[in-house]
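Examination of the molecular architecture
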Amino acid sequence: MALLSPVSSSCLPRLCSQLAAHDAVVDTKSRVCLSSASSHLQRSLIHKCYLDKRESHGFKVSASVTADVSTAEVAVKSPIVKGDTWSIHKFGGTCVGTAQRIQNVANIVIEDSSERKLVVVSAMSKVTDMMYDLIEKAQSRDDSYEAALDAVFEKHKLTAVNLLDGDELASFLSVLTRDVHNLKAMLRAIYIAGHGTESFSAFVAGHGELWSAQILSAVLRKGGIDCTWMDTRDVLIVTPAGSNQVDPDYEESEQRLDNWLSQNPSKVVVATGFIASTPQNIPTTLKRDGSDFSAAIMGALFRARQVTIWTDVDGVYSADPRKVSEAVVLNTLSYQEAWEMSYFGANVLHPRTIIPVMQYDIPIVIRNIFNLSAPGTKICRAPIIEADVKQDSVAYVKGFATIDNLALVNVEGTGMAGVPGTASAIFAAVKDVGANVIMISQASSEHSVCFAVPEKEVNAVAKALEARFRQALSAGRLSQVAIIPNCSILAAVGQKMASTPGVSATLFNALAKANINIRAIAQGCSEYNITVVVKREDCVRALRAVHSRFYLSKTSIAVGIIGPGLIGATLLNQLRDQAAVLKEKSKTDLRVMGIIGSKKMLLSDTGIDLSNWKELQNEKGEKADLEKFVNHVHGNHFIPNTVLVDCTSSTDVADHYHDWLHTGINIITPNKKANSGPLDKYLKLRARQRQSFTHYFYEATVGAGLPIMHTLRDLLQTGDKIIKIEGIFSGTLSYIFNSFVNTRAFSEVVMEAKAAGYTEPDPRDDLAGTDVARKVIILARECGLNLELSDIPVQSLVPDPLKETASVDDFMQQLPSYDSDIATKRQAAEDAGEVLRYVGVVDVKNQKGVVELQRYKKQHPFAQLSGSDNIIAFTTERYNKQPLIVRGPGAGAEVTAGGVFSDLLRLASNLGAPSC
């Protein structure tokens, strides 16, 4: 029912009467009012402008007139060329937003080496919104619509003046002036009637594309390119499909394209995006995101080699980069993967954009017009993966997307099981209120069905279901129709995820580690996505957690360092040196998010550069605030696991362990205060650690970097029974008594140890034996003995008169006065063929401990030490005749920090990192 002969404005009265008849049929109601009369007038005005526009460019015009008008034949003027010689480019509104950007687009088109090019353009940035705003203003009888239209005119006029000159400029300004004049007449009609039809809105809104296409084609011609422009309403025919969608009529569109190409043989064509025509040749649009859809349809009609979508991002990201700063650009996606990600809200393409190109295997490439060096993302048919080729499960997960502002509707009851038609009745009621169901989940017991809908539609859905199932609810066959508001959907998308063992487990494990509760799960048999519903406030944290698990590393941990003193600073240097190795070999990312000292703290949202952390702390550090520090390290949303490393000796810091474990924070420490403090606090701490499913490691509290706690734990967990633990636990006192030989004075050796940095600033802290006693208590409690520190007898090596000496210097000056007492003990030991050693003993059998100076035969392992080495002997039922010995350096920043580092790696292993 199309007429392809020219139609002039003289035919307008007859055309108007026929359009009026068309409207009467569509309305299916016989009524006369201002709005319906306006509808007829609007259609008349549309067609007059439409016909005038076409005639001004020498085009033949088709208009829907009557059903019995035949189609006239059009002579073919040139051979029609389609196929892979054509490449399609689509430029969005941002790409053509200014004169300079339009020139950049022209340069890209010129530099493309393809033999033939079709360029699909959107309206200039914000213009489509401005056009719709004109209609709203006119309908609401707002006089400012005229000024708003003038602003649109000036925007395009200024752009043309900046880009064109001579006849090209004059020609475009003539068209622009006439178009704006006609639009003012149309808007005036709407202003009078207070109503505008859908076809009128589509006609007005589409002018932005018409103008940008004409400007770009003129710029290309100015650059020496043989170029013409296409009003896609002449070619692209679509029919309404409901739900604000249209379906392309490929057969009719292809016929019209052939006719158009026969009359316009240019090798470069600039086409309007977004707009099309109905089968009755009434102007319409492809709805929002229609320009991408236009490009894909044209790609299919031309059988093009490739469709390139130019935008303002480098490609398709693994997650929304606004929510996940670690998101990466994907090199490739299959059509299905892109489809899934688009549906679930990823900023990729509208799902319908992918459909036209799939049947011809035409790839779509997403490129960044502002970063031409970026290769972009290629969307194409997925390659065939051989069944016997082993693939990393992570490779099957391409990306993650979210949908917010949803509500779950849960319909449950024992009367649903085995009753045919229940689900049909549920979703029929949902359909009746026009709600969109995003996701459906049902247990195999058939006891309940839950589904997600937009939150703004949930109240209507609930009322419809309660009305539909009122009798079943009253009779108890259905127990409830429950609404769970404030939900979000998180979807993981990837090829054949379900057939790859471990992918689902990895996904759910990452969510569990991040303390995310899953409210519903769905997965289609297509194996392309796994969908979970979570609380809205958890959505970003969940997204970052799963993305971190699949993309950053096998295990990512946010680390907070408390106390960047000697041990803390050494640990930071060790982390700096090993970070790259850990990422490569064990896929472990230990990200230091904060460092806090007694006065200053340094915080980072993405991770501190450890190569110059001291300088950063001095320059950018802020006042130390432990609560703010902890909230920052634990509050980041893209790393799911958190650990605080306490490198202080502070009781105040240790007192926070209980609360930190309760909030899901893991703790690693060489600080002995928590495990050797009051027994009741210790027992509550360990109970909390078990209940919160967190990790609390403290290997370096006893023996620095030696695996003492690890060895003891292995013995106990494998069923061995500890009889006694005996050891030299102090590196300082080990050095002192290893050096206290022959005729050397005790005070001389202590002074030497202090000068070498083996002692605390006040050597009495070492000589008093309290540090050894704390280690004994830690080991005793690990063996199950409920002892207090006060239960351990400690032999102090500080002479009683010197315990109250005010200063360290006074102590060191007076210490030689007491050398004779301990020299006498050394001589007695030597006379018996023995040596003095300061030891701690845990007597598990008799449930007691002691710290004292003991004598050992020179053949005893304890007598064989040198330097500051520690030695610990485990006497157990298995190692009864010959104790199990652990020996090595037990003091120094390097080995202590190494012990803490070892705990960090053990934590990573427990959280899922593979063995090296």
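Preceding this paragraph is the structure being described.
Keep in mind that this is a model prediction, so the values were computed, not measured.

We now examine helix H25 (residues 708–717). Inspection of H25 places Ile708, Met709, Thr711, Leu712, Arg713 and Leu715 among the buried residues, and these make up the whole buried set. Those residues of H25 that are buried are in contact with strand S28 (722–728), helix H29 (770–782), strand S31 (869–876), strand S32 (884–889) and helix H32 (893–910). Of the residues flanking the end of H25, it is Gly719, one or two places downstream, whose phi is positive at about 95°.

Our focus in this paragraph is the pairing of strand S16 (residues 439–442). In S16, alternate side chains face the same way, and those of Met439 and Ser441 are buried while those of Ile440 and Gln442 on the opposite face are not. For S16 and strand S17 (residues 448–454), the ladder comprises four bridges, and the chain directions are antiparallel. Bridging from a neighbouring strand, Met439 pairs with Ala452 of S17.

Membership of the largest hydrophobic core comes to 68 residues, with the highest contact counts inside it found for Tyr657, Trp660, Ile725, Ile736, Phe737, Leu767 and Leu779. Per element, the largest residue contribution to this core is seven residues, and it comes from H29. In contact with Leu767, other than residues within four places in its own chain, are Leu733, Ile736, Phe746, Val750, Ser796, Leu797, Val798, Phe811 and Tyr838. One finds Ile135, Leu176, Trp310 and Ile369 within the second-largest nonpolar core, a separate group that totals 56 residues.

Taken in spatial order, the seven strands line up as S24-S23-S22-S21-S25-S26-S27 in an open sheet, and their pairing is mixed. Strands at the two margins of the open sheet, each flanked by one partner only, are strand S24 (622–623) and strand S27 (696–697). Here helix H18 (residues 566–585) sits on the sheet in contact with strand S21 (555–562), strand S22 (588–596) and strand S25 (641–646), set at roughly 155° to S22.

Residue placement: Ser747 occurs in helix H27 (residues 746–755). In this structure, Ser747 is in contact with Leu815, Pro816 and Asp819, ignoring residues within four places of it in sequence.

Okay, the packing of aromatic side chains next. The tally for this structure, following the rule as stated, stands at 13 aromatic pairs. Taking 5.7 Å as the distance between ring centres and 40° as the angle between the ring planes, the aromatic pair formed by Tyr145 and Tyr191 counts as tilted. Of the two residues, Tyr145 sits in helix H5 (residues 145–163) while Tyr191 sits in helix H6 (residues 166–193), which places them 46 residues apart along the sequence. Across the pair, Tyr191 and Tyr145 agree in class, each one buried. Relative to Phe862, the ring of Tyr856 has its centre 5.1 Å away and its plane inclined at 55°; by these criteria the two rings are tilted. Here Tyr856 falls in the buried class, since its relative accessible area comes to 6%. We classify Phe862 as buried; its relative accessible area is 0%. Each residue in the set Tyr657, Trp660, Tyr696 and Tyr698 is aromatic and connected to the rest through ring pairs, giving one cluster. The ring of Phe740 is capped by Arg826, whose NZ or CZ atom sits 4.2 Å from the centre of that ring.

Looking at where Asn410 falls in the secondary structure, it is placed in strand S15 (residues 399–412). Remark: the alpha-carbon pair of Asn410 and Gln442, spanning 32 residues in sequence, is separated by 9.6 Å. Among all residues touching Asn410, those that are not within four sequence positions of it are Ser448, Val449, Cys450, Gln480, Val481 and Ala482. Polar contacts involving the side chain of Asn410 include one to the side chain of Glu412, which spans 2.6 Å.

Take the sheet that holds S31 next. Spatially, S30-S29-S28-S31-S32 is the arrangement adopted by the five strands of the open sheet, whose pairing is antiparallel. Where the open sheet ends on each side, the last strands, each with one partner, are strand S30 (848–857) and S32. The mean angle between the axes of side-by-side strands here comes to 20°, regardless of whether they run parallel or antiparallel. Bridge analysis of S28 against S31 gives six bridges, and the strand direction is antiparallel.

The subject of this paragraph is the packing of H25 against H29. Contact geometry of H25 with H29 gives a least axis separation of 11 Å together with a crossing angle of 20°. In terms of orientation, H25 lies roughly parallel with respect to H29. Along this stretch, H25 crosses H29, giving a crossing that reads as right-handed. Across the interface between the two elements, Ile708, Met709, Leu712, Arg713 and Leu716 of H25 pack against Ile778, Leu779 and Glu782 of H29. Considering only residue class, the contact of H25 with H29 consists of six nonpolar, no polar and two charged.

Where helix H3 (residues 99–111) contacts H5, the two axes come as close as 9 Å, and the packing angle between them is 55°. When the interaxial angle is binned, H3 and H5 end up oblique. Judged by the sense of rotation from one axis to the other, the crossing of H3 with H5 is right-handed. Packed against H3, whose contacting residues are Ala99, Ile102 and Gln103, the element H5 presents Thr159, Asn162 and Leu163 at the interface. Taken together, the residues of the contact of H3 with H5 sort by class into three nonpolar, three polar and no charged.

Attention now moves to the side chain of Ser488. With respect to the secondary-structure elements, Ser488 resides in strand S18 (residues 480–493). Here the side chain of Ser488 touches Asp404 through a polar contact of 2.7 Å, side chain to side chain.

The subject of this paragraph is the pattern of salt bridges. Under the definition given, this model contains 41 salt bridges. A salt bridge links Arg576 to Asp577, with the shortest nitrogen-to-oxygen separation between them at 2.9 Å. Residue classification places Arg576 among the partly exposed residues on the basis of a relative accessible area of 36%. When the shortest N-O distance is used, the salt bridge between Glu622 and Lys628 registers 2.7 Å. Glu622 sits in the partly exposed class, given a relative accessible area of 29%. What makes Lys628 partly exposed here is its relative accessible area of 41%.

Conventions used here
Residues numbered from 1 in each chain as written. Predicted model: local features only at pLDDT ≥ 70, side-chain atom pairs only at ≥ 80, totals over all residues. Heavy atoms only, no water. Buried < 20%, exposed > 50% of the residue type's maximum accessible area, 1.4 Å probe, protein only. Helix = DSSP H or I, 4+ residues; strand = E, 2+ residues; numbered from the N terminus. Contact = heavy atoms within 4.5 Å. Pairing = 2+ DSSP bridges. Core = buried A, V, L, I, M, F, W, Y, C linked by side-chain atoms within 4.5 Å. Axes fitted to C-alpha atoms, helices over the stretch in contact; angles between N-to-C directions. Phe/Tyr/Trp six-rings, centres within 6.5 Å; stacked < 30°, edge-to-face > 60°. Lys NZ or Arg CZ within 6 Å of the ring centre and 35° of its normal. Polar contact = N/O pair within 3.5 Å; in protein donor to acceptor, adjacent residues only side chain to side chain. Parallel < 35°, antiparallel > 145°, perpendicular 65-115°, else oblique. Left-handed = near helix turned anticlockwise from the far one by under 90°. Nonpolar A, V, L, I, M, F, W, Y, C, P; charged D, E, K, R; others polar. Salt bridge = Lys/Arg side-chain N within 4 Å of Asp/Glu carboxyl O.

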